[in-house]
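This is what each chain is made of:
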Amino acid sequence: MFKTVNFATYSSIKIGPCVEVLILDTLTKLPNGYRLIGGANNLLLSPTPPPLAMLDKGFDFIRLEENVLHIGGATPSGKILSFAKKHHLAGFELMQKLPGTLGGMVAMNAGLKEWEIFNHLIAVRTEHGWIEKSQIKYGYRFAQIEGIVYEATFTCKDGFDENLLAMFKKMRDNQPKEPSAGSCFKNPEGHFAGKLIEEVGFKGKRVGAMMFSNVHANFLVNLGGGTYEEAMELITAVKEAVSARFRVKLEEEIMIL
Ligand SMILES: Cc1cc2nc3c(=O)[nH]c(=O)nc-3n(C[C@H](O)[C@H](O)[C@H](O)COP(=O)(O)OP(=O)(O)OC[C@H]3O[C@@H](n4cnc5c(N)ncnc54)[C@H](O)[C@@H]3O)c2cc1C
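Keep in mind that what you see is a predicted model, and the values were worked out from it rather than measured. Starting from 1, residues in each chain are numbered consecutively following that chain's sequence as written. Owing to the predicted nature of the model, reporting of local features is limited to residues with pLDDT of at least 70; listing and counting of side-chain atom pairs is limited to 80 or more, with chain, interface and lining totals taken over all residues.

Enquirer: What's the story with the overall build of the protein chain in this structure? I'm lost.
Expert: A run of H or I in DSSP becomes a helix once it reaches four residues, and a run of E becomes a strand once it reaches two; helices and strands are each numbered from the N terminus. If you tally the helices and strands in the protein chain, you get 6 helices and 20 strands. A compact globule built from 257 residues would reach a C-alpha radius of gyration of about 18 Å, and the protein chain, at 18 Å, matches this within 12%. For the C-alpha atoms alone, the extent of the protein chain along its principal axes is close to 55 × 45 × 30 Å. To sort residues by burial, count the other C-beta atoms lying within 10 Å of each one's C-beta; a count of 20 or more means buried, 12 or fewer means exposed, and anything in between means partly exposed. C-beta atoms are built from the backbone. Within the protein chain, buried positions represent 36% of all 257 residues. By the convention adopted here, residues make contact when the C-beta atoms placed from their backbones lie within 7 Å. A sequence separation of at least 24 residues applies to 61% of the contacts in the protein chain between residues at least 6 apart. It is over C-alpha atoms that the radius of gyration is taken, and the globule rule equals 2.2 Å times the number of residues to the power 0.38.

What follows is the structure, given as structure tokens:
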């Protein structure tokens, strides 16, 4: 089954073509040549992306079973946060304004500072079966998972922390309000990507309708009608400038397809 998705509206950065996306409704392997997407909050799509697939709504669920939380790969972060709040569960406060689906968040080990999705993870279910966290190599914004995350389990600890939630809210206050795909680059070891971008003069730098935000330089924002080509021009230029000045390689956090 296929679904027409307009990435100019679906993706958080509001760029991309209208394409037919394969909907995966059973635990199957990704067909050869296909790339998987979740909520497209960390994506920059070219006008000619590879064939794309996404999980069916049937994988949007949350179940509490014998003190273990089972969450489907297509479940949005906002729904998980509301569930945790309602049931007074700890460990999901970081999802405050962190847009994504469970699958995308696990695949990226999404988080803020030391609060990461892997902190309370028990296991993930892929088309190959269940994989325990101890068998997964993961770190800052990456997780090496063979296959598609259809479901994951989490520890159920009592104590939703309103103070932590307020702290995340405050941390989000210095993020730009315009459409973006979150942080454009990972922080290179010993550096902050935003600071490097600022120091080479790219904070507020604009090409067409794309700009490295004045609010937070590591956010590549779309001021309205921005294009893939404009985004790529800025990404390429800033990488060259940072490499030339600091001999530091900026690595994209956003997925470019
Ligand atoms: C305003 C804003 C703020 C943000 N703040 C943060 C932040 O603080 N911290 C942070 O970590 N990120 C942040 N992000 C980025 C984004 O929210 C995360 O990367 C999130 O995990 C993306 O989830 P998604 O479902 O949209 O995945 P997508 O963007 O669709 O995909 C991201 C990656 O996940 C893979 N993937 C998607 N679904 C699955 C699945 N079911 N199984 C296996 N792999 C899968 C894709 O193949 C791709 O490689 C922010 C983004 C925005 C727009």
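Okay, back to it.
Enquirer: Which parts of the structure should I look at to understand the nonpolar core?
Expert: Considering soluble globular proteins, one finds that nonpolar side chains tend to be buried as a cluster. Under the definition applied here, buried Ala, Val, Leu, Ile, Met, Phe, Trp, Tyr and Cys residues are grouped into a nonpolar core through C-beta atoms within 7 Å. With 66 residues, the main nonpolar core has Leu-44, Val-106 and Val-238 as its most contacted residues. Element by element, the count of residues in this core is highest for helix H6 (residues 228-246), at 6 residues. For Val-106, the residues in contact, after removing those within four places along its chain, are Ile-117, Leu-121, Val-124, Ala-143, Val-149 and Ala-152.

Enquirer: Looking at this structure, I do not really get the site of the ligand. What am I missing?
Expert: Whether a residue is near a molecule or strand depends on its C-beta atom, placed from the backbone, lying within 6 Å of it. Of all residues adjacent to the ligand, which total 30 residues, the nearest are Gly-38, Gly-100, Gly-103, Gly-104 and Gly-182. For the shell around the ligand, the secondary-structure elements that each account for two or more residues are helix H3 (102-108) and strand S9 (111-112). Here the shell around the ligand gets 5 residues from one element, more than from any other, and that element is H3. All residues other than Ala, Val, Leu, Ile, Met, Phe, Trp, Tyr, Cys, Pro, Asp, Glu, Lys and Arg, Gly among them, are scored as polar; the first ten of these are nonpolar and the last four charged. The residue inventory of the shell around the ligand, partitioned by class, reads 16 nonpolar, 14 polar and no charged.

Enquirer: Any chance you could explain the sheet that holds strand S19 (residues 220-222) here in plain terms?
Expert: Strand pairing in a sheet relies on backbone hydrogen bonds, with the paired strands running either antiparallel or parallel. On the basis of which strands lie adjacent, the open sheet formed by 3 strands has the order S17-S18-S19 and antiparallel pairing. Since the sheet does not close on itself, it has two edges, and those belong to strand S17 (206-207) and S19, each with one partner. Between any two strands, at least two bridges found by DSSP are needed for them to pair. The sheet contact formed by strand S18 (residues 210-212) and S19 spans 3 bridges and is antiparallel. Paired with Phe-212 across the two strands is Leu-220, which belongs to S19.

Enquirer: What should I look at first to understand the domain arrangement of the protein chain in this one?
Expert: When the parts of a complex come together, some accessible area is lost, and that lost area is often used as the size of the interface. Under the domain assignment used here, the protein chain contains domain 1 (2-57), domain 2 (59-171) and domain 3 (176-256). The source of the domain bounds is an automatic or database domain assignment. The gap between the C-alpha centroids of domain 1 and domain 2 is 21 Å. Between domain 1 and domain 2, the contact holds 13 residues from the first and 14 residues from the second. Taken together, the residues of the side of domain 1 that touches domain 2 sort by class into 4 nonpolar, 6 polar and 3 charged.

Enquirer: What is the right way to read the sheet that holds strand S3 (residues 35-36) from this model?
Expert: Taken together, 4 strands build an open sheet; the order of strands is S1-S2-S5-S3 and the sheet is mixed. At either margin of the open sheet sits one strand with a lone partner, and together these are strand S1 (2-6) and S3. Pairing analysis gives 4 bridges linking strand S2 (residues 18-24) to strand S5 (residues 52-55), with the strands arranged parallel. Note on S5: the bridge partner recorded for Ile-23 is Met-54.

Enquirer: Would you mind going over the environment of Asn-174 with me for this structure?
Expert: Its place among the elements puts Asn-174 in the loop between helix H4 (162-172) and helix H5 (193-199). Put simply, Asn-174 and His-216 are 42 residues apart on the chain and 7.0 Å apart in space, counted from C-alpha to C-alpha. Once residues within four sequence positions are removed from consideration, Asn-174 is found in contact with Val-215 and His-216.

Enquirer: Quick question: what am I supposed to make of the pairing of strand S11 (residues 121-126) here?
Expert: Successive residues of a regular strand alternate their side chains across the two faces of the sheet. With 4 bridges connecting them, S11 and strand S15 (residues 151-155) associate as antiparallel partners. Each bridged residue has a counterpart across the sheet, and for Ala-123 the counterpart in S15 is Thr-153. In this sheet, strand S12 (residues 129-132) lies alongside S11 in antiparallel orientation, the contact comprising 4 bridges. Of the residues in S12, the one forming a bridge with Ala-123 is Glu-132.

Enquirer: What am I meant to see in the pairing of S15 here?
Expert: In terms of residue burial, S15 counts as a mostly covered element, since 4 of its 5 residues are buried. The sheet contact formed by strand S7 (residues 68-72) and S15 spans 5 bridges and is antiparallel. What sits directly across from Gly-72, in S15, is Glu-151.

Enquirer: Quick question: what am I supposed to make of helix H2 (residues 77-86) here?
Expert: An α-helix turns once per 3.6 residues; consequently, residues spaced three or four apart project the same way. Burial in H2 covers these residues: Ser-77, Ile-80, Leu-81 and Ala-84. The buried residues of H2 occupy one face: seen down the axis, they fall within an arc of 100°. Residues of H2 that are buried sit in contact with strand S6 (62-65), S7, strand S8 (89-90) and H3. Trailing H2 by a residue or two, His-88 shows a phi angle of about 55°, which is positive. When we speak of the arc, we mean the arc of directions from the helix axis to the C-beta atoms.

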